[in-house]
Amino acid sequence: MAIRLSRVINSKQSQKQQSRVPKGHVAVYVGEEMENKKRFVVPISYLNHPSFQGLLSRAEEEFGFNHPIGGLTIPCREETFVGLLNSYGCIVST
């Protein structure tokens, strides 16, 4: 049995690559300050994970359906988000 590690892309990738979200993935913006949000592209399967759903609930409480950047915005520290992804066995590009 092989284990497949997903890869998450953050905002340091080129602008052209940023505009593309691969099939089966979603772009999220992470950060506590509006000016310092980083963009991550994560597999949609993560949206069903209980701890990720907790972050989505926080986003709903803070922003409702009006996300200031125009995309899904998660109000937490980048380090916290990366730690969560690492707990899923994910490789995060920085």
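Residues numbered from 1 in each chain as written. Predicted model: local features only at pLDDT ≥ 70, side-chain atom pairs only at ≥ 80, totals over all residues. Heavy atoms only, no water.

Identification of the protein as Small auxin-up RNA from Arabidopsis thaliana x Arabidopsis arenosa is taken from an unreviewed UniProt entry. In the Sequence similarities (unreviewed entry) part of its UniProt record, the protein is described as follows: "Belongs to the ARG7 family." (UniProt positions renumbered as here; feature names shortened; annotations may be inferred.)

Draft legend 1. Region of the structure containing the side chain of Arg 39. Tracing the chain through its elements places Arg 39 in strand β3 (residues 38-43). Despite its burial, Arg 39 pairs with no opposite charge; the closest candidate is Glu 78, at 13 Å N-O. (Helix = DSSP H or I, 4+ residues; strand = E, 2+ residues; numbered from the N terminus. Buried < 20%, exposed > 50% of the residue type's maximum accessible area, 1.4 Å probe, protein only. Lys, Arg positive; Asp, Glu negative; His and termini not counted. Salt bridge = Lys/Arg side-chain N within 4 Å of Asp/Glu carboxyl O.)

Draft legend 2. Broad picture of the sheet that holds strand β4 (residues 72-74). Ordered by their spatial adjacency, three strands build an open sheet running β3-β2-β4, and the pairing between neighbours is mixed. Each of the sheet's edge strands pairs with one partner strand only, and the pair in question is β3 and β4. Each neighbouring strand pair of the sheet contributes to a mean axis angle of 40°, computed without reference to strand direction. In this sheet, β3 lies alongside strand β2 (residues 25-30) in antiparallel orientation, the contact comprising six bridges. Note on β3: the bridge partner recorded for Val 28 is Phe 40. Strands in contact with helix α2 (residues 50-63) are β3 and β4; relative to β4, the strand with the most contacts, it is inclined by about 105°. (Pairing = 2+ DSSP bridges. Axes fitted to C-alpha atoms, helices over the stretch in contact; angles between N-to-C directions. Contact = heavy atoms within 4.5 Å.)

Draft legend 3. Just the pattern of salt bridges, in detail. Inspection of the entire model under this criterion finds two salt bridges. A salt bridge links Lys 38 to Glu 78; its shortest N-O distance comes to 3.4 Å. Taken together, the positions of Lys 38 in strand β3 and Glu 78 in helix α3 (residues 78-87) put the pair 40 residues apart, joining distant regions of the chain. Salt-bridge contacts for Glu 79 lead to Arg 77; the nearest nitrogen and oxygen are separated by 3.4 Å. Its relative accessible area of 51% is what places Glu 79 among the exposed residues.

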